Every structure is written in structure tokens, then in C-alpha cells.
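Here is what each chain is made of, one letter per residue.
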Amino acid sequence: MTDRIASETLCARITDADSAAALIRPGETIAASGFTGSGYPKAVPQALARHMAAESAAGRPFRVNLWTGASTGPELDGALAAVDGIAQRLPYSGDPVAREKINRGEIDYLDMHLSQVAPMAWEGVLGAIDTAIVEVTGIRSDGTLIPSSSVGNNKTWLDRAGRVILEVNRWQNAALEGMHDIYYGTRLPPERVPIPLLRPDDRIGTPYLTCDPDKIVAIVETDAPDRNLPFAAPDATALAIAGHIIEFLRHEVSRGRLPASLLPIQSGVGNIANAVLSGLADAPFDPMTAYTEVIQDGMLDLLDSGKLRMASATAFSLSPQAAARLNANMTAYRDRMILRPQEISNHPELVRRLGCIAMNGLIEADIYGNVNSTLVMGSRIQNGIGGSGDFARNAYVSIFMTPSTAKGGKISAIVPQAAHVDHIMQDVQVIVTEQGLADLRGLSPQQRARLVIERCAHPDYRPLLTDYATRAHGGSYGLHAPSLPGEALSWHQRFMATGTMLPS
Ligand code: 0RQ
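Predicted, not measured: the structure shown is a model, and the values here were computed from it.

Trainee: Explain the packing of helix H9 (residues 271-280) against helix H10 (residues 297-305) here, please?
Mentor: Packed helices, taken two at a time, are described by the angle their axes make and the gap between the axes. Two numbers describe how H9 lies on H10: the axes approach to 7 Å, and their chain directions differ by 15°. In this view, H9 runs roughly parallel relative to H10, as classed from their interaxial angle. The crossing of H9 and H10 is left-handed. Between H9 and H10, the contacting residues are Asn-274, Leu-277, Ser-278 and Leu-280 on the first element and Asp-297, Gly-298, Met-299 and Leu-302 on the second. The residue makeup of the contact of H9 with H10, split by class, is 4 nonpolar, 3 polar and 1 charged.

This is the structure in C-alpha cells:
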């Protein structure tokens, strides 16, 4: 037995990464742990990538389907994509190498709502899982597993996979034990029952994952950090967006539409989301809670200052400095954080019941407030919809935020018509850019368009949008949400032809 593996039976299955990877066959579906760069397996995927490279050099292409919780790290997505080892990928990917391959049509990418992955895996519609590769913090004497820095879909992967490879990562803090809440009460209809979670801090499950020990074919010990990337210090744009959101929330509190401690906050990933969280440190909302997907640096700051009473999520997404801070004080944080399966952290029923304040990024929004979160120019995947749909449709108030332009001003984030729509206008209640905030609740499409152009568009693009909206009003087939179909996507066309959406 080791200090991390307390089951004698399972100790006998400890092996090296190459031997574990050798168990995987071409064409398999691999379901791996990992969510926003935390808790993903690190050694076995790299060994598998080496094996794949050798096989394909010998004229035997070796590819697998890769399912995870969300994005992982270079040792998994990056390594397998680099050797052309991924045939199909779901449900979310942020890896630059994989992104290129997806956009070249070399990987079949299924971009899914994160809350729907586990139920659909149970329904069987996605196909069978051959091998689960799951990182854990430790194995207890009764064979139950101490989860790692993300939970994601691990419960489902362990239950549904034909066989299981575990990575026991010593880098993960042993004091993570007790932080997780794994709910085993989900069912498929018609057996489904209400999820008994009424407050963000309710614990409704157990701290441990269970797995049939007969399915565990290999255990690999590792000591490797998560992919913790630094956040950029908030720039003027991020600070302006954060300022507008905080002013809006203050206004909602003053009107009695939100309690003084707000409602549970959900925040997407990225620098702007992190800047908003940092901005909340100086705001008068006290004590807040978070019911969200990921805990990032800004949330740790809020926990430290006492502004945030507790945070519920499915994963960490921290800078190296924040990860070190978390690890140094894990026991103290453990009482104020809960990591849950992503089907619970993102569950529409719970997001609606708790009344989350959803704050997510966007690629572009059109004048009516339809939001594209995923496809640049309508066809090039950036990351994926992630949890933004789970939260946006069901939130108490759904906020989308973005700089008003991208690529040095050559692209307007506010366009006549979104080239692809992830979030229909009914799911988009507030749009914020550094220019200002448009509260679209209670407005008709034409009223929304006036406000989005006036408050959110960049001054370089505002007259062009006004001109389009005016002409659309004059020449549209219908006047509910006027449009000129022959012109609505001309800005995208112009960018692809000339490198800028601005007319010459
Ligand atoms: O590209 O990296 O090459 O510079 O998109 O954009 O402005 O840094 O903003 O990090 O907040 O990402 C929508 C992608 C925004 C993100 C998106 C380019 C831009 C840059 C990143 P570069 P920014 P963010 C919880 C919720 C969907 C998933 C989600 C996202 C890069 O928020 O993936 O919300 N959302 N999950 O230049 C061309 C445009 C562009 C553009 C931005 N209009 N045209 N490129 N970019 N707008 C988390 C999870 O679900 C796990």
C-alpha cells in the first residue's frame, strides 16, 4: 500500500503509463477526466500519443474518440491532436492544436451543452465507452476514490466504461478529500425525481466516487501539476466592462429586484470574467455565493476577503500563483467550496431554482441580442458552447459581455446579424461592452436594436449599424425584427475578403 492508495487489492494493479496505454486499441472511445485544465490524466495520454505516433509511422493509423468534462491540457488534447490521434471529440475543447484540426475538418467535434453529456451517455445515444482514464487524488481502503481538482463527468465515465485506468496524482493536495459532493441520485425518465438541492451550499451526495474494482485494469502514479495558466492583469476594457456590470447589479439591488447579497453568481472563464470577479471585491454585495462551473482566481480573492461566503463548481481554473495559494490553505478553503459533477453544477433545474446571475463571454451579438459564442465568421470553432447555454437560458438574469471589437478593431462584436446563434435573443437579457450596458429585458426587437447600437457598439461601427437598421426598417419583409437578408452577413463577407469589417 502507498500513502495515496490504501487498498491492497488495487495496489497490485499499479503499473507504468506505457503499459497502461498499451491496453487501449485503435477506434476506442476514451472517456477522460478533466475540466478547464484541471484534474485531467497526464501520463497515460502522453504514453498513448507516443504509441500512436509509432503505430502511424509504421503505416497503422491509430485514432480514438475522446470524451471529457470540458477542456483539458497539452498532455491530453494537445498530445493526442498533435499525432492525429483524435477521430471524434466531445463536448468542449480549448486546445489550439485540436482547434486547428477541427477547423481543417480532421476531427469530428460534437460541441454540446455540458449538462447534457452525462444524461446522453446514460441514454446510450453517444455510443459505448471502452476505457475511462480518470485522475484521482487517492484510493481509500474500501476502494472508493478521492476525486481530483475537477469532477466533470467522472461519475458517469466510471459507471459506464468497460474498463478503467486510474491516475493517482500526488501533486493534487490530499486535503481535497471532503471537498466534493458526488450525487448518485440522477435517473433517466420516467424514473427521474427532483434534485434535492435548495441552496448553493447544500451537500446532497457523498465525497467519494465509486467504481467496480473488477473494471480497474491499471493504476498509474503521477506527480504533475494541472495546466494552470496566468491571467492577464485586467486592462482598461475589462475594467470598464466590470464597472458597468457592477453598476447594473447595484441598480437592481436598489430597485429591490436583487437581494443585497445578490443571488448565486455564475461566471464564465477568461480574463474579462476574472476582471468582473475582481471588481466585485470592491462592490457592496455581501456575503455573496457562487453556483458556477469553475472557480478561478477572482473567486479565490473574493473567498479570501470574505465577500464570497462559499462557491459551488465542478472544477478549478487557476493561475499557478492561485493554485499554490489554494494548496497552501486547502483545509480552510475546503469548508467553503464544493465540487460537484457537471450535470449538477450546470443543471437547468438548479440554475433556475437558485436564480443564478449568469455572466458569460461572447464572440458576437447582433443588434437584436442573438449571441454567437462559438463560431468565428459563422464557421470557425473557437472553443464551444460549454456551460453558457445551461446557465443563460435558466438564469435569473443572463448577462453576456465582450469587448466591442476584436482583432485590433477590424471586427465588430456587434453585427447586423450573428453569423451563427448559440443563444437566441430570449436567452440574452443584458449585453455589456466597454462602451456600455444594454438591459434588454422587457423590450421588443426594435427597441433592443436601438439600445444595443447606442450602448454597446464601438463608435467606428455605430453609424454603420444605425444605417443598416434604418434601411432594414424601410425594406424588410416584416417589421418585427427587420432584416435585409442580402446584406445581413455582408460585414462577415467583407472581413473574409479584405481583413476588416470596415468598408474601405
Ligand atoms: O482570440 O486568443 O486569438 O486573441 O476569441 O476572446 O476577447 O479574449 O474573450 O477569453 O472571454 O473568450 C466567447 C471565446 C470569449 C469564450 C469566448 C477571439 C479573440 C481571442 C478570445 P485570440 P477574448 P474570452 C463557462 C462558460 C463559450 C463557452 C462559455 C467562450 C479569443 O467566452 O469560449 O461561455 N465562450 N463557457 O480575438 C473573431 C470575433 C471575436 C473573436 C473574440 N467577434 N471575431 N475573433 N474573438 N471575439 C466555461 C466553460 O464552459 C468551460
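Trainee: How should I be thinking about the environment of Leu-126 in this particular structure?
Mentor: Along the chain, the position of Leu-126 falls in the loop between helix H6 (117-123) and strand E6 (131-139). Measuring from C-alpha to C-alpha, the distance between Leu-126 and Val-136 comes to 25 Å, with 10 residues separating the pair along the chain. Those residues in contact with Leu-126, other than ones at most four positions away along the chain, are Trp-67, Leu-90, Met-112, Val-117, Met-120 and Ala-121.

Trainee: What's the story with unusual backbone geometry in this structure? I'm lost.
Mentor: Glycine aside, the phi torsion of most residues is negative, and most peptide linkages are trans. The omega angle of the peptide bond from Pro-189 to Pro-190 is 10°, so this bond is cis rather than trans. Within the element layout of this structure, Pro-190 appears in the loop between strand E8 (163-169) and strand E9 (216-222). Omega for the bond connecting Asp-286 with Pro-287 falls within 30 degrees of zero, at -20°, which places this linkage in the cis form. Within the secondary structure, Pro-287 sits in the loop between H9 and strand E11 (288-291). Its identity as a non-glycine residue notwithstanding, Met-377 has a phi of 55°, on the positive side. Note that Met-377 resides in the loop between strand E19 (375-376) and strand E20 (380-381). Judged by relative accessible area, which is 13%, Met-377 ranks as buried. Phi at Lys-407 is positive, roughly 50°, even though this residue is not glycine. Position of Lys-407 among the secondary structure elements: in the loop between strand E22 (405-406) and strand E23 (411-412).

Trainee: Before we go on, may I ask you to explain the site of the ligand in this structure?
Mentor: Inspection of the region around the ligand gives 23 residues, with Glu-293, Ile-363, Asn-383, Gly-384 and Gly-387 positioned closest. Side-chain polar atom of Glu-293 to an oxygen atom of the ligand: 2.9 Å apart, as the coordinates give it. Gly-387 has a polar backbone atom sitting 2.9 Å from an oxygen atom of the ligand. About the coverage of the ligand: the protein hides 77% of its 990 Å² of free accessible area. Looking at side-chain class alone, the shell around the ligand contains 10 nonpolar, 11 polar and 2 charged residues.

Trainee: Please clarify how the sheet that holds strand E24 (residues 414-415) should be interpreted in this entry.
Mentor: Backbone-to-backbone hydrogen bonds pair the strands of a sheet. The strands run either parallel or antiparallel. With mixed pairing, the 3 strands of this open sheet are ordered in space as E18-E17-E24. On the outer flanks of this sheet lie strand E18 (371-372) and E24, each paired with one strand and no other.

Trainee: Could you clarify how one ought to interpret the pattern of salt bridges in this entry?
Mentor: Where charged atoms of side chains with opposite charge meet at close range, the side chains can pair. Counted according to the given criterion, the structure contains 27 salt bridges. A salt bridge links Lys-101 to Asp-84; the nearest nitrogen and oxygen atoms lie 2.6 Å apart. Here the residue Lys-101 occupies a position in helix H5 (residues 96-103), and Asp-84 occupies one in the loop between helix H4 (74-82) and strand E4 (86-90), the gap between them amounting to 17 residues. The class for Lys-101 is buried, based on a relative accessible area of 10%. In this structure, Glu-343 engages Lys-155 in a salt bridge whose closest nitrogen and oxygen atoms are separated by 3.7 Å. Of this pair, Glu-343 sits in helix H13 (residues 342-345) while Lys-155 sits in helix H7 (residues 154-160), and the two are 188 residues apart along the sequence. Accessibility classification places Glu-343 together with Lys-155 in one group, the buried group. Because the salt bridges share partners, they merge into one network encompassing Glu-252, Arg-257, Asp-439 and Arg-441.

Trainee: Can you help me understand the nonpolar core in this one?
Mentor: One recurring pattern in soluble globular proteins is that nonpolar side chains are buried together. One finds Leu-166, Leu-280 and Ile-357 to be the most contacted residues of the largest nonpolar core, which totals 77 residues. In this structure, Leu-166 is in contact with Val-134, Val-136, Ile-139, Leu-145, Leu-158, Ile-216, Ala-218, Ile-219 and Val-220, ignoring residues within four places of it in sequence.

What counts, and where the lines are drawn
The residue count restarts for each chain, going from 1 along the sequence in the order it is written. For this predicted model, a pLDDT threshold of at least 70 governs which residues receive local features, and a threshold of 80 or more governs which side-chain atom pairs are given and counted, while totals over whole chains, interfaces and linings are taken from all residues. Hydrogens and waters are ignored; side-chain quantities use all the structure's heavy atoms. Only the contacting stretch of a helix is used when fitting its axis, a line to C-alpha atoms as for every element, and angles between N-to-C directions run 0 to 180 degrees. By definition, any uninterrupted DSSP run of H or I lasting at least four residues is a helix, any uninterrupted run of E lasting at least two residues is a strand, and each is numbered from the N terminus. Oblique is the label for every angle not falling under 35 degrees (roughly parallel), over 145 degrees (roughly antiparallel), or within 65 to 115 degrees (roughly perpendicular). Here a crossing is called left-handed whenever its near helix is offset anticlockwise from the far helix by less than a right angle, and right-handed whenever the offset is clockwise. Residue contacts follow a heavy-atom distance rule, with two residues in contact if any of their heavy atoms lie within 4.5 Å. Three classes are used: nonpolar for Ala, Val, Leu, Ile, Met, Phe, Trp, Tyr, Cys and Pro, charged for Asp, Glu, Lys and Arg, and polar for all others, with Gly counted as polar. Exposure classes here rest on a 1.4 Å probe applied to the protein chains alone. A residue is buried below 20% of its type maximum, exposed above 50%, and partly exposed in between. Any residue with a non-hydrogen atom lying within 4 Å of a molecule or strand is treated as near it. Counting of polar contacts relies on pairs of N or O atoms within 3.5 Å, with two restrictions inside protein: one atom must be capable of donating a hydrogen and the other of accepting it, and residues adjacent in sequence are counted only when both atoms are side-chain atoms. Per-residue and other accessible areas follow the Shrake-Rupley method at a 1.4 Å probe size, with only the shown protein chains counted as cover for residues. At least two DSSP bridges between two strands are needed for those strands to be called paired. Between Lys or Arg on one side and Asp or Glu on the other, a salt bridge is scored when a side-chain nitrogen of the former is within 4 Å of a carboxyl oxygen of the latter. We call a set of buried residues a nonpolar core when its members are Ala, Val, Leu, Ile, Met, Phe, Trp, Tyr or Cys and they connect through side-chain atoms within 4.5 Å of each other.

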